[in-house]
Amino acid sequence: MFLRYFLMAICLFIVIPGSSNAAPVSGGISKLGYSIQVGAFSDVKNAERLTAKLQDQGVDAFYFKRENGLFAVRFGDFPSHRTARRAASRIVAGLGIESFFIAPPLKKPLEVEKEPTSPVPTKKPVRKQSRDDLGVVAARTAERFVGIPYLWGGNTVVDGMDCSGFVRAVYNLCGVNIPRTSAEQFKVGRSIGLEDLVDGDLVFFGSSDDSISHVGIYVGSNRFVHAPRRGDEIKISPLHGNGFFKKFVGARRYFN
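(A) Focus on helix α4 (residues 134–143). Across the 10 residues that make up α4, a large majority, 7, are buried. What α4 keeps buried is the set L134, G135, V136, A138, A139, T141 and A142. The backbone nitrogen of G135 lies 2.7 Å from a side-chain oxygen of the residue at the head of α4, namely D133.

Right under this line is the structure:
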């Protein structure tokens with residue numbers, strides 16, 4: 001009971017996505033501020049339990065697989081390192097966690113590509129991506145989730161939140177805030193054609209533009225990473241040649 005009330009108090013200090021203090025960017029996208037990362041679990045279930053405790057208190061937390069194979073939990077969007085550390089200290093004291101890490105905000109500018117003002121040439125140049133391109137980083141981050149059972153959300157899940165929560169978590173790890181639901185995500189960013197898809201673009205599915213039911217992250221070579229359904233493992237699927245493509249409605253890009 002003490003833990004429940006303690007976490008409720010902490011929520012007052014946490015700025016969750018949707019009420020971010022980060023400077024907004026065109027299209028309802030913003031850079032994430034400072035966030036808190038806790039835990040280094042070898043068993044994903046421990047990360048799930050910690051995430052569930054935070055989510056039960058209204059904290060927009062998620063767990064993820066680090067490059068070393070361990071699982072950690074991350075949450076928060078704070079305007080300064082000081083405010084993040086102050087909140088993190090309270091959480092560490094309340095949950096008995098030995099240490100925490102304050103993740104800094106994205107340093108590079110976040111600008112969604114603008115639509116070309118001049119006529120588009122008949123043959124479009126191939127868009128090259130470097131290893132530090134945010135799209136490439138997002139794609140490689142998404143691939144680390146493959147095989148992990150998708151159980152996040154708990155009682156705070158709304159319709160369509162599983163798949164959109166996954167892509168939002170990946171973008172969060174890249175320092176970018178995007179809207180919560182797949183329908184909202186589809187309304188922002190730059191519209192991308194199938195022939196222009198690159199790593200990190202989001203691909204959307206549904207019965208129409210006004211009825212989006214699924215979203216995934218394109219990772220190249222006609223493949224995308226997604227959480228097919230609640231409780232299922234996150235997986236890589238071909239974009240063409242399966243049932244999902246029959247409901248493909250479009251793609252969006254959120255950074256250069």
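Now that the structure is up, let's keep going.
(B) Highlighting the packing of aromatic side chains. Taken as a whole and judged by the stated rule, the model has 10 aromatic pairs. Taken together, a centroid distance of 5.2 Å and an interplanar angle of 70° make the contact between F186 and F204 edge-to-face. Of this pair, F186 sits in helix α6 (residues 182–186) while F204 sits in strand β9 (residues 202–208), and the two are 18 residues apart along the sequence. Note on F186: relative accessible area 6%, which makes it buried. The buried category is assigned to F204, whose relative accessible area is 0%. The positively charged end of R252 is found above the aromatic ring belonging to F186, 4.0 Å away from the centroid.

(C) Fine view of the sheet that holds strand β3 (residues 34–41). An order of β4-β5-β3-β6 is seen for the 4 strands of this open sheet, with the pairing classed as antiparallel. Bordering the open sheet on either side are β4 (62–65) and β6 (100–103), each of which pairs with just one other strand. Strand-to-strand twist across the sheet, computed as the mean angle between neighbouring axes with direction ignored, equals 35°. Across 4 bridges, the pairing between β3 and β6 is antiparallel. Paired with S35 across the strands is A103, a residue of β6. Along the sheet, helix α3 (residues 81–95) contacts β3, β5 (71–78) and β6; its crossing angle with β6, the most-contacted strand, is approximately 155°.

(D) Up close: α3. The end-to-end C-alpha separation of α3 is 21 Å, in line with the 21 Å expected for 15 residues at 1.5 Å each. Within two residues after α3, G96 carries a phi angle of roughly 75°, on the positive side.

(E) Focus on the pattern of salt bridges. Tallied over the full model, the rule gives 7 salt bridges. Of the charged contacts, one joins R180 and D60 as a salt bridge, the two residues approaching to 3.1 Å between their closest N and O atoms. Highlighted residues: R180 in the loop between β7 (176–177) and α6 and D60 in the loop between α2 (44–56) and β4, separated in sequence by 120 residues. For R180, a relative accessible area of 30% corresponds to the partly exposed category. With its nearest N and O atoms 2.8 Å apart, the salt bridge here joins R140 to E143. Taken together, the residues R140 and E143, both in helix α4 and 3 residues apart, mark about one turn of the helix. On the basis of relative accessibility, which here comes to 25%, the residue E143 falls in the partly exposed class. The structure contains a network of salt bridges with shared partners spanning R140, E143, D199 and R223.

(F) Quick peek at the side chain of T51. Relative to the assigned elements, T51 resides in helix α2. Classification of T51 as buried rests on a relative accessible area of 1%. Separated by 2.8 Å, the side chain of T51 and the backbone oxygen of A47 make a polar contact. Residue contacts for T51: discarding those within four places in its chain leaves A61, F62, Y63 and V73.

Reading guide: rules and limits
Residues numbered from 1 in each chain as written. Predicted model: local features only at pLDDT ≥ 70, side-chain atom pairs only at ≥ 80, totals over all residues. Heavy atoms only, no water. Buried < 20%, exposed > 50% of the residue type's maximum accessible area, 1.4 Å probe, protein only. Helix = DSSP H or I, 4+ residues; strand = E, 2+ residues; numbered from the N terminus. Polar contact = N/O pair within 3.5 Å; in protein donor to acceptor, adjacent residues only side chain to side chain. Phe/Tyr/Trp six-rings, centres within 6.5 Å; stacked < 30°, edge-to-face > 60°. Lys NZ or Arg CZ within 6 Å of the ring centre and 35° of its normal. Pairing = 2+ DSSP bridges. Axes fitted to C-alpha atoms, helices over the stretch in contact; angles between N-to-C directions. Contact = heavy atoms within 4.5 Å. Expected span 1.5 Å × (residues − 1). Salt bridge = Lys/Arg side-chain N within 4 Å of Asp/Glu carboxyl O.

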